[in-house]
Amino acid sequence: MAVPVAFFGLFFAYPVTAIVGRGLKAGGDWQFGRIGDVLARPDILDVLWFTTWQALASTALTLLIALPGAYVFARFDFPGKQLLRAVVTVPFVLPTVVVGTAFLALLGRGGLLDELWGVRLDTTVWAILLAHVFFNYAVVVRTVGGLWSQLDPRQEEAARVLGAGRFAAFRRVTLPALGPAVAAAALMVFLFTFTSFGVVQILGGPAYSTLEVEIYRQTAQLLDLPTAAVLTLVQFAAVGAILAVHAATVRRRERALKLVDPDQTSRRPRGPGQWALLGGVLLTALLLILLPLGVLVERSFDGPGGYGFGYYEALQSAGSGGSSTFLVPPLEAVGNSLRYALVATLIALVVGGLAAAALTRRAGRLVRGFDALLMLPLGVSAVTVGFGFLITLDEPPLDLRTSWILVPLAQALVGVPFVVRTMLPVLRAVDDRLREAAAVLGASPLRAWREVDLPLVRRAVLVAAGFAFAVSLGEFGATVFIARPDSPTLPVAVARLLGRSGELNYGQAMALSTILMLVCAVSLLLLERIRTDRSGEF
């Protein structure tokens, strides 16, 4: 636990505490009375209520739509499966401002829905909920589907032989085994929707505001640091309570599982029911995932003079269109993002892997509390973290404000929880008797881990690496404050282009977003090929 504790202490707790302290101090004295004053305001109470219920609704809707997809990816083998798995993961790494704009083109004034049926859903909660499902569909599919694919189907088949119906066998055998993975996926979806920013700001309009949106408004627009600090503490406390309840629930449902090679559990669909389920999942992916992405690609080619590569060509020069937004050509953001994401993924795997291994040992209350603390970066305002980095990491021995490593460190903070939540259910499902047998035969703890745990969790490690890499590519909230002008990341470059008026800037933003989407899709597809490589069977 030493490395994860040190990492989170230096690069999360210290910056967040510093920025909150500045908001709650006046003349060197703490002003805790401000907390009650802020929470008593009717407008703040409305923000808290909307933040909570929309997150619950988004989580329930995502589970309802994505769990059938998790089953299909875990149990069915069909042409294009690897490509489709990569495609459904792409939305998760796109900047929220880009996705909000794409959904606005679908659901807003003059959008596809408006042109076909005269219906508009922008500035309604339904647009927000649909966009949240779009983002988080892959979280459920990959987190739950990863464990589901390793469950031995013969256990459920045995229940069927003993007289249980299909639903009863699933409810009594499979669902309890999937419980920790489902709870972990629901937790991640809830945290992302609870702290939603770009989607609510673009699609919700002035009528809807989450805590994250309100923190940004109080900090960047009203310069009201005390109110922003109080809202950060509220968000921090709410997320901490949720994680504590989740950790207790998951511990009660954990048990050792018999895990098998996923290649042994997938097969071609049989019967009209399974083919109908596969068709429904494919239709959902088409309407929910591919349609917004298709709009994004179409707009990147739709220039003033007709369809062409004009917007892409403009990315090759700095200050194109009379803009001095970039010191380097925007296209260089592609290489910057890939380098940052690779370093961030390595950091996240080391820190998250060590944390997951420590949590597997169930060594008392300290470790159980640390399980919840690891998820807090997902629930704390990225605005707070970004400002915290700027005001704390600028003096020796941590004078990193001008160093390139600052961006991967911020990205790794978000990647570590994904590594832990992806690896932990599989690590805890490994039967302890396998380790004990290896020890009896003379294996050292390191060798037992290498020859028992590692082969069983190898696929989970690759899935975790894919999540960390994807999240790092799309991280925006904290990176926008610390990325240098001469080395912007793709999301930062897109946001800067969208923030400037003019058709050329907007078109370049769509072109750069399309490049980001393609880079993510190719990277995830390569990961899928490695993950399903039969040369490493166990």
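Residues numbered from 1 in each chain as written. Predicted model: local features only at pLDDT ≥ 70, side-chain atom pairs only at ≥ 80, totals over all residues. Heavy atoms only, no water.

**Some thoughts on the overall build of the protein chain**
Along the backbone of the protein chain there are 23 helices and six strands. Residue burial in the protein chain is summarised as follows: out of 538 residues, 53% are buried. Considering only contacts in the protein chain between residues 6 or more positions apart, those separated by 24 or more positions represent 79%. Total accessible area on the protein chain stands at roughly 22,700 Å², and carbon and sulfur atoms take up 64% of it. (Helix = DSSP H or I, 4+ residues; strand = E, 2+ residues; numbered from the N terminus. Buried < 20%, exposed > 50% of the residue type's maximum accessible area, 1.4 Å probe, protein only. Contact = heavy atoms within 4.5 Å. Areas by Shrake-Rupley, 256 points an atom, 1.4 Å probe, with all protein chains shown as cover.)

**A word on the nonpolar core**
If you look at the biggest cluster of nonpolar residues, it comprises 147 residues, and the most contacted ones within it are F7 and F389. With sequence-adjacent residues up to four places away left out, F7 is seen in contact with F12, I347, V351, L409, A412, L413 and V416. (Core = buried A, V, L, I, M, F, W, Y, C linked by side-chain atoms within 4.5 Å.)

**Some details on the packing of aromatic side chains**
If you walk through the whole model with that rule in mind, you get 14 aromatic pairs. Summarising the aromatic geometry, the rings of F103 and F134 are spaced 5.2 Å apart at their centres and angled 75° between planes, so their arrangement reads as edge-to-face. Note that F103 is positioned in helix α5 (residues 96-107) and F134 in helix α7 (residues 125-148), a separation of 31 residues in sequence. By the burial criterion, F103 is buried, and F134 matches it. Relative to F309, the ring of F301 has its centre 5.3 Å away and its plane inclined at 85°; by these criteria the two rings are edge-to-face. (Phe/Tyr/Trp six-rings, centres within 6.5 Å; stacked < 30°, edge-to-face > 60°.)

**A look at helix α9 (residues 166-194)**
Compared with an ideal rise of 1.5 Å per residue, which puts 29 residues at 42 Å, α9 spans 35 Å between its outermost C-alpha atoms and falls more than 12% short. The sharpest bend along α9 comes to roughly 50°, located at L175, with the proline P176 sitting one to four residues further on. (Expected span 1.5 Å × (residues − 1). Bend = angle between axes of the 7 residues up to and from the residue.)

**Structural notes on the pattern of salt bridges**
Evaluation of the coordinates by the stated rule reveals three salt bridges. Here R41 makes a salt bridge to D43, at a shortest N to O gap of 3.1 Å. Between E451 and R447 there is a salt bridge, with its nearest N and O atoms 2.9 Å apart. Here E451 and its partner R447 are both found in helix α20 (residues 445-474), four residues apart, which amounts to about one turn of the helix. You can call R447 partly exposed: its relative accessible area is 42%. (Salt bridge = Lys/Arg side-chain N within 4 Å of Asp/Glu carboxyl O.)

**Focus on the environment of A177**
With respect to the helices and strands, A177 occurs in helix α9. Expressed as a C-alpha distance, the spacing of A177 and W148, which sit 29 residues apart in the sequence, is 8.6 Å.

**Describing the packing of helix α11 (residues 211-221) against helix α17 (residues 382-392)**
In a pair of packed helices, the angle between the axes and the distance between the axes together describe the arrangement. Between α11 and α17, whose axes approach to 9 Å, the crossing angle comes to 45°. The pairing of α11 with α17 is recorded here as oblique in orientation. Residues E212, I215, Y216 and T219 of α11 lie in contact with α17, whose contacting residues are A382, V383, T384 and F387. A class-by-class count of the residues in the contact of α11 with α17 yields five nonpolar, two polar and one charged. (Axes fitted to C-alpha atoms, helices over the stretch in contact; angles between N-to-C directions. Parallel < 35°, antiparallel > 145°, perpendicular 65-115°, else oblique. Nonpolar A, V, L, I, M, F, W, Y, C, P; charged D, E, K, R; others polar.)

**As for the confidence of the model for the protein chain**
Per-chain confidence: the protein chain averages 79 in pLDDT, with 88% of residues scoring 70 or above. Mean pLDDT across the elements of the protein chain ranges from a minimum in helix α16 (residues 364-373), with 66, to a maximum in helix α3 (residues 42-75), with 91. Across residues 534-538, where pLDDT falls below 50, the model places 11 contacts with residues more than four positions away in sequence or in other chains. (pLDDT = per-residue confidence, 0-100.)

**A short note on the side chain of T392**
Relative to the assigned elements, T392 resides in helix α17. One polar contact links the side chain of T392 to the main-chain carbonyl oxygen of G388, over a distance of 2.6 Å. Excluding anything up to four places from it in sequence, T392 contacts Y14, P15 and A18. (Polar contact = N/O pair within 3.5 Å; in protein donor to acceptor, adjacent residues only side chain to side chain.)

**Concerning a nonpolar patch on the surface**
A cluster of nonpolar residues, L112, L116, W117, V119, L283, L286, L287, L290 and L291, forms a patch on the protein surface that exposes about 850 Å² of accessible area. Contributing elements (two or more residues each) for the nonpolar patch: α6 (112-117) and α13 (271-301). Considering every element that reaches the nonpolar patch, the biggest residue donor is α13, with five residues. Among the residues examined, L112 registers a relative accessible area of 33% and is labelled partly exposed. (Patch = residues over 30% accessible without salt bridge, like charges linked within 9 Å, V, L, I, M, F, W, Y side chains within 5 Å.)

**Topic: the side chain of T232**
Structurally, T232 can be placed in helix α12 (residues 225-253). Residue class for T232 comes out buried when judged on its relative accessible area of 5%. Among the polar contacts listed, one links the side chain of T232 to the backbone oxygen of A228, at a separation of 2.8 Å. Those residues in contact with T232 that lie beyond four places of it in its chain are V20, I215 and T384.

**With respect to the environment of Q218**
In this structure, Q218 sits in helix α11. Of the residues examined, Q218 reaches a relative accessible area of 1% and is grouped as buried. If sequence neighbours within four positions are ignored, Q218 has contacts with R41, L223, D224, T227, A228 and L231. Side-chain polar atoms of Q218 contact the side chain of E214, separated by 2.8 Å.

**Quick word on the environment of R41**
Within the secondary structure, R41 sits in the loop between α2 (33-39) and α3. Judged by its relative accessible area of 27%, R41 is partly exposed. If we skip the residues at most four places from it in the chain, R41 touches Q218 and T227. Within the structure, R41 has its side chain in polar contact with the side chain of D43 (distance 3.1 Å).

**So, the packing of helix α8 (residues 153-161) against α9**
Across the interface, α8 lies against α9 with an axial gap of 9 Å and an inter-helix angle of 130°. Considering their axes alone, α8 and α9 lie oblique with respect to each other. α9 is crossed by α8, and the crossing has right-handed handedness. Listed contacts from α9 to Q155, E156, A159 and R160 of α8 are R166, A169, F170, V173 and T174. Considering only residue class, the contact of α8 with α9 consists of four nonpolar, two polar and three charged. (Left-handed = near helix turned anticlockwise from the far one by under 90°.)

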